[in-house]
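One letter stands for each residue in the lines below.
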Amino acid sequence: MLHLKFFCILFALLGLHGERNVEGSPVAATQFPFVASLRSAAAAQFCSSSIVSDRWVLTTAHCIAGRTPENTRVWVGIEDPSGHINHITVVLVLHPAYQPSILINDIGLIQTRDQIVFNDFAQPIALGTEEIPGGVSAVKVGAAFDGARWEFSSTITNSECLQTAGSGQPIFDSTVCSMRYEEDNFILTGSVLVVGNKVVGVFTWRIPRPWTPDINSRISTFHEWIQSVIQ
């Protein structure tokens, strides 16, 4: 069992930075204006993020661990036909209890140097405060290599998640699991799980085999921490 756990975590870690394109549906230009792309200074995309205020975007801790503001950019308005806005960053904040070895508390925030100007193509999304049970319809939304993408999803309980993913996987009270409806839809980590126009989870990892759940950091667990950082 320990060997299974090690290899499952290893495979998940190898896919953490979303080397594959999202195969979900393209979004309409103003459908999900909170989606922001995380890029290196050389414009290489490595993760997705979401606008949560006029100076902050939400992502996973593993997306920004080991990075510096000098090599981290936030592209907003990625569906704007007139072009995106490339924001320089000044602060990268990992959750203080983040443990990369087991991917617990895998959530982070990035502050931009300049204010994000809101318009039809760049808007913040609200944070969910209520704990989401299993069986709730949702959408997974995030940046892709050709814009933004989304796919239908549904939450499952953590017990169901363990049964599906296999016992011994790093699934905690602070995670919310979701199942996608399409096989092998790969999506960038840092994408978000949305229910009722609110973020309820940030996509952290998945086991790279068909019909296994997506593991997301549960926003209701981290809401107070997020608010303490961005306010």
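The structure displayed is predicted, hence computed values, not measured ones.

Asks: A description of the pairing of strand β5 (residues 73-76) should follow, citing residues and the corresponding values.
Replies: Along β5, one buried face is formed by Arg73 and Trp75 and the opposite face, lined by Val74 and Val76, is buried too. Summarising the sheet, strand β2 (residues 35-39) and β5 pair through 3 bridges and their orientation is antiparallel. By the bridge assignment for β5, Arg39 is matched with Arg73. With 4 bridges joining them, β5 and strand β6 (residues 85-94) adopt antiparallel strand pairing. In the sheet register, Val74 faces β6, and the bridge partner there is His87.

Asks: With reference to specific residues and values, describe the packing of aromatic side chains.
Replies: All told, the structure shown has 2 aromatic pairs when counted by the stated rule. On the basis of an interplanar angle of 70 degrees and a centroid distance of 5.9 Å, the ring pair of Phe32 and Phe34 is categorised as edge-to-face. Here Trp150 and Phe152 contribute two aromatic rings whose centre-to-centre distance is 4.7 Å and whose plane-to-plane angle is 85 degrees, an arrangement assigned as edge-to-face. Cation over ring: Arg39 sits above Trp75, and NZ or CZ is 4.0 Å from the ring centre. The ring of Phe203 has Lys140 sitting right over it, with the charged end atom 4.4 Å from the ring centre.

Asks: Tell me about the nonpolar core, and please be specific about residues and values.
Replies: Leu58, Leu109 and Ile226 are the most contacted members of the largest nonpolar core, which totals 29 residues. Elements supplying a minimum of two residues to this core: β4 (56-59), β9 (137-144), β10 (147-156), β12 (192-195), β13 (198-206) and α4 (219-230). The element best represented in this core is α4, accounting for 6 residues. In contact with Leu58, not counting residues within four places along its chain, are Ser49, Ser50, Val52, Ile107, Gly108, Leu109, Leu127, Gly190, Val199, Val202, Ile219 and Ile226. Counting 14 residues, the second-largest nonpolar core is a separate cluster that includes Cys63, Val76, Leu92 and Ile116.

Asks: Explain the environment of Phe222 to me, and be specific about the residues and the numbers.
Replies: Mapped onto the elements of the fold, Phe222 is located in helix α4. Those residues in contact with Phe222, other than ones at most four positions away along the chain, are His95, Asn105, Ile107, Ser174 and Ser217.

Asks: Now, about the pairing of β4: what can you tell me, with residues and values included?
Replies: Neither face of β4 is exposed, since Trp56 and Leu58 on one face and Val57 and Thr59 on the opposite face are all buried. The sheet contact formed by strand β3 (residues 45-51) and β4 spans 2 bridges and is antiparallel. Residue Ile51 lies in a different strand from β4, and its bridge partner there is Val57. Taking the residues between adjacent antiparallel strands as the criterion, β3 and β4 are bridged by 4 residues. Direction of pairing for β4 relative to strand β7 (residues 108-112): antiparallel, over a ladder of 4 bridges.

Asks: Describe the sheet that holds β6, naming the residues involved and giving the relevant values.
Replies: Pairing in this closed barrel of 6 strands is antiparallel, and the strands run β2-β3-β4-β7-β6-β5 around the ring. On average, adjacent strands in this sheet sit at an angle of 40 degrees to one another, irrespective of strand direction. Strands β4, β6 and β7 of the sheet are contacted by α4, whose axis makes an angle of about 30 degrees with β7.

Asks: Now, about unusual backbone geometry: what can you tell me, with residues and values included?
Replies: As a rule of thumb, non-glycine residues mostly have phi less than zero, and peptide bonds are mostly trans rather than cis. With a phi close to 55 degrees, Asn105 is a non-glycine residue in the positive phi region. Summarising the element assignment, Asn105 is placed in the loop between β6 and β7. What makes Asn105 buried here is its relative accessible area of 14%. Positioned with a positive phi, Asn197 is a non-glycine residue whose angle comes to about 65 degrees. With respect to the helices, strands and loops of the structure, Asn197 is situated in the loop between β12 and β13. Take Asn197: its relative accessible area is 66%, and that puts it in the exposed class.

Asks: I'd like to hear about the confidence of the model for the protein, residue by residue, with values.
Replies: For the protein, per-residue confidence averages 87 on the pLDDT scale, and residues scoring 70 or more make up 86% of the total. Within the model, the stretch residues 1-22 combines pLDDT values under 50 with 40 contacts to residues more than four positions away or in other chains.

Asks: Provide a residue-level description of helix α3 (residues 158-165), including the pertinent values.
Replies: Of all the residues in α3, the buried ones are Asn158, Cys161 and Ala165. Down the axis of α3, the smallest arc covering the buried residues is 50 degrees, so these residues share one side. If you follow the buried residues of α3, they end up packed against β10, β11 (175-180) and β14 (214-218). In the segment just after α3, Gly166 is the residue with positive phi, at about 110 degrees.

What counts, and at which threshold
Residues numbered from 1 in each chain as written. Predicted model: local features only at pLDDT ≥ 70, side-chain atom pairs only at ≥ 80, totals over all residues. Heavy atoms only, no water. Buried < 20%, exposed > 50% of the residue type's maximum accessible area, 1.4 Å probe, protein only. Helix = DSSP H or I, 4+ residues; strand = E, 2+ residues; numbered from the N terminus. Pairing = 2+ DSSP bridges. Phe/Tyr/Trp six-rings, centres within 6.5 Å; stacked < 30°, edge-to-face > 60°. Lys NZ or Arg CZ within 6 Å of the ring centre and 35° of its normal. Core = buried A, V, L, I, M, F, W, Y, C linked by side-chain atoms within 4.5 Å. Contact = heavy atoms within 4.5 Å. Axes fitted to C-alpha atoms, helices over the stretch in contact; angles between N-to-C directions. pLDDT = per-residue confidence, 0-100. Arc of directions from axis to C-beta.

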